[in-house]
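For reference, the chains in residue letters:
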Amino acid sequence: MRTRSRGRAALAGAAAAAFGAGLAELTGAIVGASPIAAVGGALIDLAPPWGKDLAIALFGTGDKAALVTAVAIVLLLLGAAAGLLAVRSRGAAQTLVVVLGLLGAGAAVTRADAAALAVVPPAVGAGATLLALSALVTRAIAAAPPATASDTDAAGSGASRRTFLLWTAGAAATGALAAVGGWALQTGARAATAVRAAITLPRAAAAATVLAGADLGIPGLAPVITPNAGFYRIDTALALPQIDPATWRLRIHGKVDEEIELSWDELLALPLEESVTTLTCVSNEVGGDLIGTALWLGYPIRHLLARAGVQADADMVLSTSADGFTAGTPLEALTDERNAILAVGMNGEPLPIAHGFPVRMVVPGLYGYVSATKWVTDLEVTRFSDAQGYWTPRGWSERGPIKLASRIDVPRRGGTVAAGESVIAGVAWQQHVGVRGVQVRIDDGDWQEATLATAISADTWVQWSLPWQASPGQHTITARAIGLDGEPQTQTAAPPAPDGATGWPRVEITVA
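About the thresholds
- Residues numbered from 1 in each chain as written.
- Predicted model: local features only at pLDDT ≥ 70, side-chain atom pairs only at ≥ 80, totals over all residues.
- Heavy atoms only, no water.
- Helix = DSSP H or I, 4+ residues; strand = E, 2+ residues; numbered from the N terminus.
- Polar contact = N/O pair within 3.5 Å; in protein donor to acceptor, adjacent residues only side chain to side chain.
- Contact = heavy atoms within 4.5 Å.
- Patch = residues over 30% accessible without salt bridge, like charges linked within 9 Å, V, L, I, M, F, W, Y side chains within 5 Å.
- Areas by Shrake-Rupley, 256 points an atom, 1.4 Å probe, with all protein chains shown as cover.
- Salt bridge = Lys/Arg side-chain N within 4 Å of Asp/Glu carboxyl O.
- Buried < 20%, exposed > 50% of the residue type's maximum accessible area, 1.4 Å probe, protein only.
- Pairing = 2+ DSSP bridges.
- Axes fitted to C-alpha atoms, helices over the stretch in contact; angles between N-to-C directions.
- Parallel < 35°, antiparallel > 145°, perpendicular 65-115°, else oblique.
- Nonpolar A, V, L, I, M, F, W, Y, C, P; charged D, E, K, R; others polar.
- pLDDT = per-residue confidence, 0-100.
- Expected span 1.5 Å × (residues − 1).
- Core = buried A, V, L, I, M, F, W, Y, C linked by side-chain atoms within 4.5 Å.
- Phe/Tyr/Trp six-rings, centres within 6.5 Å; stacked < 30°, edge-to-face > 60°.

1. With respect to the side chain of T502
So, point 1. The residue T502 is located in the loop between strand 18 (473-483) and strand 19 (506-511) in this model.
So, point 2. Only 2.6 Å separates the side chain of T502 from the backbone oxygen of T492, close enough to count as a polar contact.
So, point 3. Each residue touching T502, except ones within four places of it in the same chain, is listed here: V286, K403, T490, T492, A493 and A494.

Here's what the structure looks like:
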């Protein structure tokens with residue numbers, strides 16, 4: 001096969017794949033089951049811990065967009081392979097498309113939140129791909145002139161090439177428009193957004209106070225309360241669960257004396273409490289930004305567990321999300337006096353859909369993968385010896401207590417500051433233990449005590465600052481925190497897996 005002919009066959013296959021995938025996504029928007037999201041979710045489930053770490057390290061909170069893009073690229077490459085195969089064997093190419101459709105259907109129907117018609121979009125996509133592949137490959141073959149072509153043959157093949165390119169572009173454009181239309185449609189997402197916008201949360205029975213001295217107001221320093229739009233998001237959901245509060249239920253069962261089922265209205269009728277808590281992702285690198293603090297509104301989980309009557313041999317609560325994610329939380333973290341809550345509000349408004357609307361867990365002192373279940377629908381009181389959360393069998397530690405850490409926000413790594421009076425500032429945290437102090441070192445100098453802002457509580461981060469007379473040249477700034485228990489932040493560098501990164505944050509800057 002000539003190089004140009006192979007290129008046209010590959011292009012035909014890629015265009016057919018784009019056509020089928022677009023129609024599949026449009027169908028998925030109608031029935032509430034995106035096939036690309038289902039495949040991406042399956043890949044997340046199959047990914048080893050190092051794969052998760054790599055994705056977050058490379059793309060941060062854009063890891064999901066990167067995964068969807070990668071799935072689309074692979075799909076186009078497989079379509080190109082099918083186009084090349086179809087020139088030699090239509091049956092083999094059709095078999096490849098059918099197998100891909102079956103894999104997509106398998107991924108769709110095995111999701112924990114699979115829609116009733118989840119198998120339909122992959123079936124539509126495979127069928128549309130087969131039809132487009134047959135039509136486009138036929139035109140690709142017709143566009144190739146024979147080896148001994150006359151002028152008439154050459155003119156005819158030129159017209160065939162133009163027809164082929166028009167058909168190919170049309171198929172790809174139709175697929176792209178269908179996909180965009182499907183993403184724009186997302187009727188379930190619009191409905192959930194409308195329901196959320198109409199909710200007025202009740203007034204808190206116990207209000208939280210953020211003292212003015214908690215925020216130093218230094219430009220470039222992270223605000224002590226993170227706006228909802230800027231709050232980090234790390235979870236396994238490619239397609240956000242769309243839950244109507246009217247149908248939401250929370251089941252509490254397992255090693256309890258009395259099983260409890262709670263509705264949305266029943267939850268809102270309870271005396272809700274405000275609390276300020278800092279959440280941290282276990283994947284946060286030293287000096288990273290996978291951390292945020294919010295004013296939460298919710299009901300203490302310990303009261304519900306007390307009502308259910310936890311049995312003496314239990315030591316863990318396995319929480320389950322509407323999308324099937326699970327987290328194993330130590331029982332004592334949900335029954336002591338910390339503000340471990342079922343949250344319904346975040347910074348004065350109902351939870352954003354991306355952060356767990358209508359209900360999520362907020363547990364101070366533990367990394368999110370063992371505590372901060374979004375879209376929570378089930379709490380099973382059990383034992384660590386009998387059950388595991390989503391990430392534990394994938395190599396992460398069982399209990400996930402947050403480690404003492406600090407971060408330098410000002411000046412920024414790699415930045416340039418003017419010589420003279422300046423300031424070094426950042427944040428430090430060890431939720432549910434608290435921070436007693438922060439020390440800063442310039443180059444190889446002595447450690448200097450920074451000034452701490454007013455701490456909201458031991459469950460939140462605290463801002464710190466140090467005035468600095470900056471001299472011209474290259475400088476390295478290092479920080480370390482001291483916990484309320486007197487323990488210093490360890491210098492030993494360790495990656496996030498399996499139980500959180502450690503080491504001192506450093507920034508290198510230029511003073512001009």
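There is more to say after this.
2. With respect to a nonpolar patch on the surface
So, point 1. A cluster of nonpolar side chains, W50, L54, L58 and F59, forms an exposed patch at the surface whose accessible area comes to about 490 Å².
So, point 2. Examined against the element boundaries, L54 turns out to sit in helix 3 (residues 49-59).
So, point 3. On the basis of relative accessibility, which here comes to 43%, the residue L54 falls in the partly exposed class.

3. Thoughts on the environment of R412
So, point 1. Position of R412 relative to the elements: it lies in the loop between strand 11 (405-410) and strand 12 (416-417).
So, point 2. When the C-alpha positions of R412 and L221 are compared, they lie 9.7 Å apart, and in sequence the two are 191 residues distant.
So, point 3. Apart from residues lying up to four places away in sequence, R412 is in contact with G220 and I509.
So, point 4. Side-chain polar atoms of R412 contact the backbone oxygen of G220, separated by 3.1 Å.
So, point 5. Engagement of the side chain of R412 in a polar contact is seen with the backbone oxygen of D409, the distance being 3.4 Å.

4. Regarding the sheet that holds strand 19
So, point 1. Pairing is mixed across the open sheet formed by five strands, whose spatial order is 12-19-18-14-15. This sheet does not close on itself; its edge strands, each paired only once, are strand 12 and strand 15 (448-449).
So, point 2. Bridge analysis of strand 14 (residues 435-442) against strand 18 gives seven bridges, and the strand direction is antiparallel. If you follow V440 over to strand 18, its bridge partner there is A479.

5. Examining the packing of helix 4 (residues 63-88) against helix 5 (residues 90-109)
So, point 1. Where helix 4 contacts helix 5, the two axes come as close as 6 Å, and the packing angle between them is 155°. Taken together, the axes of helix 4 and helix 5 are roughly antiparallel relative to one another. Here helix 4 contributes L78, A82, L85, A86 and R88 to the contact with helix 5, which in turn contributes R90, A92, A93, L96, V97 and L100.
So, point 2. Residues of the contact of helix 4 with helix 5, tallied by class, amount to nine nonpolar, no polar and two charged.

6. Some words on the pattern of salt bridges
So, point 1. Per the counting criterion, the structure on display carries 13 salt bridges.
So, point 2. A salt bridge links K403 to D499, with the shortest nitrogen-to-oxygen separation between them at 3.0 Å. With K403 in the loop between strand 10 (376-382) and strand 11 and D499 in the loop between strand 18 and strand 19, the pair connects residues that are 96 residues apart, well separated along the chain.
So, point 3. Its relative accessible area of 23% is what places K403 among the partly exposed residues.
So, point 4. One salt-bridge network, in which partners are shared between bridges, spans R233, D235 and K374.

7. Section: the pairing of strand 18
So, point 1. Counting buried positions over the eleven residues of strand 18 gives eight, a clear majority of the element.
So, point 2. Where strand 18 lies against strand 19, six bridges are found, and the strand directions are antiparallel. Counterpart to T476 in the pairing with strand 19 is E508.

8. What about the side chain of T226?
So, point 1. By the secondary structure assignment, T226 is in the loop between helix 8 (187-197) and strand 1 (249-254).
So, point 2. Not counting chain neighbours up to four residues away, the residues in contact with T226 comprise F231, G292, T293, N347 and W461.

9. Observations concerning the confidence of the model for the chain
So, point 1. Taken residue by residue, the chain gives an average pLDDT of 91. The fraction at 70 or more is 95%.
So, point 2. Predicted confidence is poor over residues 151-156, with pLDDT under 50, and the contacts of this stretch with residues over four places away or in other chains come to two contacts.

10. A few points about the sheet that holds strand 13 (residues 420-429)
So, point 1. Read from one edge to the other, the open sheet built from four strands follows the order 11-13-17-16, with strand pairing classed as antiparallel. Whereas interior strands pair on both sides, the edge strands pair on one side only; in this sheet they are strand 11 and strand 16 (451-452).
So, point 2. Direction of pairing for strand 11 relative to strand 13: antiparallel, over a ladder of five bridges. The residue bridging S406 from the neighbouring strand is A428, located in strand 13.

11. Observations concerning helix 2 (residues 35-46)
So, point 1. In this model helix 2 runs 17 Å from its N-terminal to its C-terminal C-alpha over twelve residues, within 8% of the 16 Å that 1.5 Å per residue would give.
So, point 2. Of all the positions in helix 2, only P35, I36, A37, A38, G40, G41 and I44 are classed as buried.

12. Regarding the nonpolar core
Generally speaking, a soluble globular protein has its nonpolar side chains buried in company with each other.
So, point 1. With 83 residues, the main nonpolar core has W296 and V344 as its most contacted residues.
So, point 2. If you look at the next biggest cluster of nonpolar residues, it comprises 22 residues, including V440, W468, A470 and V507.

13. Brief notes about the packing of aromatic side chains
So, point 1. According to the stated counting rule, one finds seven aromatic pairs in the structure shown.
So, point 2. With 6.0 Å between their ring centres and 80° between their planes, F231 and W296 make a pair best called edge-to-face. Linking F231 in the loop between helix 8 and strand 1 with W296 in strand 4 (residues 291-300), this pair joins segments that are 65 residues apart in sequence.
So, point 3. Between the aromatic rings of W264 and F357, the centroid separation amounts to 6.4 Å while the plane-to-plane angle is 65°, which identifies the pairing as edge-to-face. Remark: F357 occurs in the loop between strand 8 (349-350) and strand 9 (360-362) and W264 occurs in helix 9 (residues 264-269); sequence separation between them is 93 residues. Taken as a pair, W264 and F357 share a single burial class, namely buried.
So, point 4. Through successive ring pairs, a cluster of aromatic residues spans F231, Y232 and W296.

14. Overview of unusual backbone geometry
So, point 1. The residue after V410, namely P411, is reached through a cis peptide bond having omega -5°.
So, point 2. In this fold, P411 is placed in the loop between strand 11 and strand 12.
So, point 3. Residue P498 follows A497 across a cis peptide bond; omega there is 5°.
So, point 4. Here P498 is to be found in the loop between strand 18 and strand 19.
So, point 5. You will see that N347, though not glycine, has its phi angle at about 55°, which is positive.

15. Re the environment of S263
So, point 1. Its location among the elements puts S263 in strand 2 (residues 260-263).
So, point 2. Once the C-alpha coordinates of S263 and A184 are considered, the two residues, 79 residues apart in sequence, prove to be 31 Å apart.
So, point 3. Contact partners of S263, with chain neighbours within four places excluded, come to W248 and R249.

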